[in-house]
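If you want the building blocks of each chain, they are given just below.
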2 protein chains.
Amino acid sequence: MFTPTHVYSLPMHTKNWLKWRYATKKFDATKEVSADDLEYILEAGNLAATSYGLQPFKIVVVTDKEKKQALVGHAYNQGQVGENSALLVLAARTDVDATYIAEYTARIERTRSLPAGAVDGYKDMMVGDLTNRTEADRLVWAQKQAYIALGTMMIAAAEKGIDNAPMEGFNPAGFNEILGLSAHNLHATVILAIGYRSTEDETQNYAKVRKNLDDIVVRI
Amino acid sequence: MFTPTHVYSLPMHTKNWLKWRYATKKFDATKEVSADDLEYILEAGNLAATSYGLQPFKIVVVTDKEKKQALVGHAYNQGQVGENSALLVLAARTDVDATYIAEYTARIERTRSLPAGAVDGYKDMMVGDLTNRTEADRLVWAQKQAYIALGTMMIAAAEKGIDNAPMEGFNPAGFNEILGLSAHNLHATVILAIGYRSTEDETQNYAKVRKNLDDIVVRI
C-alpha cells in the first residue's frame, strides 16, 4: 500500500533539494518558470516565519526585461541579474510603525475571529519593542526576516526543479531607484534570480563546498 | 506504477510543511528528537547557502538541561527556551578575516581537486570586500547568513514532523556568557527550540496569520 503517509515519510527531501541546487551563473534564456511554480515559490515565501509574524518585507518580482537589464549595472555586471526567468528582489519595509503593527493585529483578530482589541497587549508590546529601536536597527531587523524567506524560497524552487541564484552583490540605492522602492518605503535587501540552468553553465558541475558537520556544530 | 520520480514530483511538500509548523510555545517534556533527525536538521543547516559560501556562523546545540534553564532568564522567561528536546543557538562568527577566508579557499581547492592558489583571485576579492567593512557591519552580514540557515532548518524539522520555535527575544550577552561563545569569537544571533508539541499547547490550534499574496508581492 502506498498511502500519502508513506510518501511524506520518505527521508531526505529537503537535504536532497539543497544538495541539488547551486548558485546558478547562467540561465537558459529559452526556458520560463511556469506561473504555477512561481506562485508556489512566492506562497512559500509568504508562509516563512518572521519576527512576531510581522512580515516586514515585500517580494518584488521583476520580469520586465528592460528593468532587469537596467539593474545589471548596479550588480557588478553579473549577467544572471538580467538573464533569468524572474528576478525576486526581497525588499525590507522601512515603515514598520504603530500603524503598520495595528494593521497586523487587526489581521490576527480577523483571521482568528477574535473581538477587536483582543490582542492589544501584544500590539503594545510590539510597538514598544520596535519603535524604541533606531531606524538603522529596525531596518537590519526587517532585513534579517527577509533572509528567512530567502532560504525558504530557495528550497521551494529547488523542490520544483527550478534553479536559483541568491545575490547580495548589488547596490541597493540603484535598485531602489530603478524599481521605485523608496517611494513605497521599501529597501532592496537581497535578490534571488530563478529560472533553468543553461547547459553552458560549467559551475553546475562543481562539487559543493561545505564544512564537515563537526566544524560548524558545537554541542553543549 | 509508483516510482521515486512520482514521489518526488508530488506537489506542495515545502508549502505543506510550512503550513503545518507553528511557533511552538510548549513542548512535550517526555518526547526527544532522535539523533538521526537532529543530524538531518543540522546537515540541512550546513547545506544552506551563505554569502560567498563562507558559512560565517556556528550552530550551537544545547541539550544540557542546566545550561538551558540558565538561559531562560536571559530570554524573557520564555519556558520553551528551557523545555525542549534541543535548543539550537545560531551564533555568528566575529572572526571572518583573511585567515578564515584562506581556510575556506583551501577547502574549495581540496573539494574540487584544484591546485593550491587556483582561487586566489576569489580569495582576494572576498578579503577586500569583507575586511573593508566595519566590525558592526560584518557582524550584521554574518547574522543575515545565519537567518538563511534558520529558515532552512525550520523546513527540515517540519519535514520530519518536528515542532520548532524560532526566537529573537533573548539577551545575546547573557547567552554568550553562559555558553562561552565570545571566547570562541561567536555571537548569539537567533535561536530555534525543537521538540514535539505538548497537547497542552493551545496555540497549535490558532489559525496561521499571513498576508494575502497580493499584499506582499509586487510585480514589475
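Since the structure is predicted, the reported quantities are computational estimates derived from the model, not experimental observations. (Residues numbered from 1 in each chain as written. Chains lettered and ligands numbered in written order. Predicted model: local features only at pLDDT ≥ 70, side-chain atom pairs only at ≥ 80, totals over all residues.)

Engineer: Help me out: how do you make sense of the sheet that holds strand β2 (residues 86-93) of chain A in this one?
Structural biologist: Whenever strands of a sheet pair, they do so through backbone hydrogen bonds, lying parallel or antiparallel. Here we have five strands laid out as an open sheet, ordered β3(A)-β4(A)-β2(A)-β1(A)-β5(B), and mixed in their pairing. Of all the strands in the sheet, just β3 (163-167) of chain A together with β5 (217-219) of chain B have a single pairing partner and so form its edges. Taken over all neighbouring pairs, the strand axes of this sheet differ in orientation by 25 degrees on average, direction set aside. The pairing of β3 of chain A with strand β4 (residues 186-195) of chain A spans five bridges and is classified as antiparallel. Bridging across to β4 of chain A, methionine 167 of chain A finds its partner in isoleucine 191 of chain A. (Pairing = 2+ DSSP bridges. Helix = DSSP H or I, 4+ residues; strand = E, 2+ residues; numbered from the N terminus. Axes fitted to C-alpha atoms, helices over the stretch in contact; angles between N-to-C directions.)

Engineer: I'm lost on the relation of the copies chain B and chain A in this one. Help?
Structural biologist: Between the two copies of the chain lies a relationship made up of a rotation around an axis and a movement along it. The transform that puts chain B on chain A rotates by 180 degrees and translates by 0.0 Å along the axis, for an RMSD of 0.0 Å. What the superposition gives is, in effect, a two-fold axis relating one chain to the other. The residues that chain B uses at the interface reappear at the interface of chain A in 100% of cases, marking a shared surface. (Least-squares fit on C-alpha atoms with pLDDT ≥ 70 in both. Contact = placed C-beta atoms within 7 Å.)

Engineer: Sorry, what's going on with the environment of alanine 156 of chain B here?
Structural biologist: Topologically, alanine 156 of chain B is positioned in helix α8 (residues 135-159). Assessed through the 28 C-beta atoms surrounding it within 10 Å, alanine 156 of chain B is described here as buried. When the C-alpha atoms of alanine 156 of chain B and asparagine 205 of chain B are compared, they prove to be 22 Å apart, with 49 residues separating the residues in sequence. Beyond its immediate chain neighbours, meaning those up to four positions away, alanine 156 of chain B contacts Thr14 of chain A together with Tyr40, Ile41 and Ala44 of chain B. (Buried ≥ 20, exposed ≤ 12 C-beta atoms within 10 Å, placed from the backbone.)

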